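# Commentary on secondary and tertiary structure
What follows is each chain in one-letter form.
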Amino acid sequence: MTSTKSFDISKQLVWKAYQRVKANKGAAGIDRVSLTVFEQNLKGNLYKIWNRMSSGSYIPPAVLQVNIPKKDGGVRSLGIPTVSDRIAQMVVKLLIEPEIDNCFHTDSYGYRPEKSAQRAVELVRQRCWRMDWVVEFDIKGAFDNIDHVLLMKAVRHHVKSKWALLYIERWLQAPTLSTDNILQPRTVGTPQGGVISPLLMNLFMHYTFDVWISRTSPKCPFARYADDAVVHCHSRAQAEFLLNAIGKRLKQCKLTLHPTKSKIVYCKDSNRQLVYPLTQFTFLGFTFRPRSAVNKDGERFTSFLPAVSNEALKSMRAQIKTWRLSTRTPATLEELSRLYNPIIRGWFQYYSHFYPTQMRKLADYLQLRLGRWARRKYKRLAGHKRKSAHWLKHVADSRPYLFAHWHYFGNKRLDNGSRMI
């Protein structure tokens, strides 16, 4: 039987896309339809997506603008598509990502299969030991300022499916419903928060930066995670030349270097004694700077190492504060663990990978909050900081995996209640 559909899109691909979107969770878009509501008529809703995409009549709805506070005090605007649109985007992503990803540079780490931020940080750490200088740069509003003409030129080079090209163009042009409830057309950029946006960003940056720097400065290795990148240099003069060249290259591609997040850093350690004002930078939540270390013979020296940044610690403490643990006295310690330990575990698994002792600051803060909770819950501990600290130590001794920070640091600092609480 001959199909009457304009495009041959399998229902299995739509089902697989739905499963990916479900696993990623996410908020509702402008239609306020959550995943739970969408699933109340799952078969009908998935059929509707497949039918419209196959016939070429699928028109993406506007994305919902949500402003998220940034660690530096600014605001990041996310564009949240509807659940149906996220599934439609995932259909195209599943089709085109394998081939596109194969062309990417090995040192591009953001939003890629089999890549991770930790691996990028590890690579930068090793290169900082070998090369004295780093150019750190960040792009101002990268997602919001990608040029559609240049992007589609790159997309057409790799994507031959007519229906995939059609829908990518439509997603780029889909309007945004602003926080003021105003429908705004889009002529540049791809919404940060869209399913396909990270892949498009990587493709744009592949030609804007990765290919360009590999050709023009092959002896200056880089690591890039989306719009955040570092480049390693052999000398200050080389670094100054490169930072200027990167700015010019981004301008050619209609992007702008972030004025305060782009700089040259000297990787100072025991063997590097030049005087230079900037000796630290932050990459993917880790601050690289001179830190005390111990060699295999037990001798202390200064190495250039990453550790959790103060900004990341501040953000985590702020989130813990919103939990208001001291007011949750009806809950048991086990219930608090079920609620919050998955988040705590994620923090420690990521940030304790490098120079883990810096995460003691967060462990101290968690103990402070749990101690206040214990003193409000149990009358025998009320007003006794030392007693509550020893009680928590006893629980941690018997159940070290109840909270992630107990497992990572044990109880070496729980003996002295006055120090912890």
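Residues numbered from 1 in each chain as written. Predicted model: local features only at pLDDT ≥ 70, side-chain atom pairs only at ≥ 80, totals over all residues. Heavy atoms only, no water.

### What to know about the overall build of the chain
Inclusion rule: Helical segments are the DSSP runs of H or I of at least four residues, strand segments are the runs of E of at least two, and each set is numbered from the N terminus. For every residue, the accessible area obtained with a 1.4 Å probe (protein chains only) is divided by the maximum for its type, and the residue is called buried under 20%, exposed over 50%, and partly exposed between those limits. In what follows, residue pairs with any heavy atoms lying within 4.5 Å of each other are defined as contacts. For the accessible areas, the method is Shrake-Rupley and the probe is 1.4 Å, while residue cover comes only from the protein chains on display. For the purpose of counting charges, residues Lys and Arg are taken to be positive, whereas Asp and Glu are taken to be negative. His and the chain ends are not included. Positions of charges follow a simple convention, taking NZ of Lys, CZ of Arg, CG of Asp or CD of Glu.
Each helix and strand counted, the chain has 16 helices and 11 strands in total. Principal-axis analysis of the C-alpha atoms places the extent of the chain at approximately 75 × 60 × 40 Å. The buried share of the chain, taken over its 421 residues, is 50%. When contacts within the chain are restricted to residue pairs at least 6 apart in sequence, long-range pairs at least 24 apart make up 68% of them. Summed over all atoms, the accessible surface of the chain reaches about 21400 Å², with 51% contributed by carbon and sulfur. Counting 68 positive and 31 negative side-chain charges, the chain places the averaged centre of each group 6 Å from the other.

### Thoughts on the sheet that holds strand β1 (residues 63–69)
Selection rule: Strands pair, by our definition, only if DSSP identifies at least two bridges between them.
Taken together, the four strands give an open sheet; going across it, the order is β2-β1-β4-β5, and neighbouring strands pair in mixed fashion. With partners counted over all chains shown, the strands left at the sheet margins are β2 (75–80) and β5 (183–184), one partner each. Here β1 pairs with strand β4 (residues 176–177) via two bridges, running parallel. Looking at the pairing, Leu64 lines up with Leu177 of β4.

### Observations regarding the environment of Pro61
Tracing the backbone shows Pro61 in the loop between α3 (42–55) and β1. With relative accessibility at 26%, the residue Pro61 sits in the partly exposed group. Taking the C-alpha atoms as reference, Pro61 lies 7.7 Å from Pro175; in sequence the two are 114 residues apart. Residues in contact with Pro61, not counting those within four places in the same chain, are Ile30, Thr82, Asp85 and Ala174.

### Quick notes on the sheet that holds strand β7 (residues 228–233)
Pairing between the strands of a sheet is mediated by backbone hydrogen bonds and can be parallel or antiparallel. This is how the line gets drawn: Angles shown run from 0 to 180 degrees and are taken between the N-to-C directions of axes, each axis being a line fitted to C-alpha atoms and, for helices, limited to the stretch in contact.
The four strands are arranged β6-β7-β3-β8 in an open sheet whose pairing can be described as antiparallel. This sheet does not close on itself; its edge strands, each paired only once, are β6 (222–225) and β8 (263–266). Geometrically, the sheet is characterised by an average inter-axis angle of 20° between neighbouring strands, direction not taken into account. The pairing of strand β3 (residues 133–138) with β7 spans six bridges and is classified as antiparallel. Its bridge partner being in β7, Glu136 is matched across the sheet by Val230. Those strands touched by helix α10 (residues 236–252) are β3, β7 and β8, and its axis lies near 20° from that of β3.

### Examining helix α1 (residues 11–24)
This is how it is decided: Expected helix span is computed as 1.5 Å times (number of residues minus one). Starting at the helix axis, one direction is taken to each C-beta atom, and the arc is that of these directions.
Helix length check: α1, at 14 residues, gives a terminal C-alpha distance of 20 Å against a target of 20 Å (1.5 Å per residue), a fit within 8%. Among the residues making up α1, those that are buried are Leu13, Val14, Ala17, Tyr18 and Val21. Axial view of α1: buried residues confined to an arc of 140°, hence all on one face. Those residues of α1 that are exposed and angled more than 90 degrees off the buried face are Gln12 and Ala23. Tucked inside the fold, the buried residues of α1 contact α2 (35–38), α3, α4 (83–103) and α8 (162–173). Two residues or fewer after α1 comes Lys25, characterised by a positive phi angle close to 60°.

### As for the nonpolar core
Stated formally: Residues belong to one nonpolar core when they are buried, are Ala, Val, Leu, Ile, Met, Phe, Trp, Tyr or Cys, and are joined through side-chain atoms within 4.5 Å.
Core analysis: the biggest nonpolar cluster contains 71 residues, and Met53, Ile87, Val92, Val231 and Ile246 have the highest contact counts within it. Not counting chain neighbours up to four residues away, the residues in contact with Met53 comprise Phe7, Ile9, Tyr58, Ala88, Val91, Val92, Trp163 and Tyr167. Listed in part, the 54 residues of the second largest apolar core include Val121, Val230, Ala331 and Tyr340.

Scope: geometric values only; no functional claims are made or implied.
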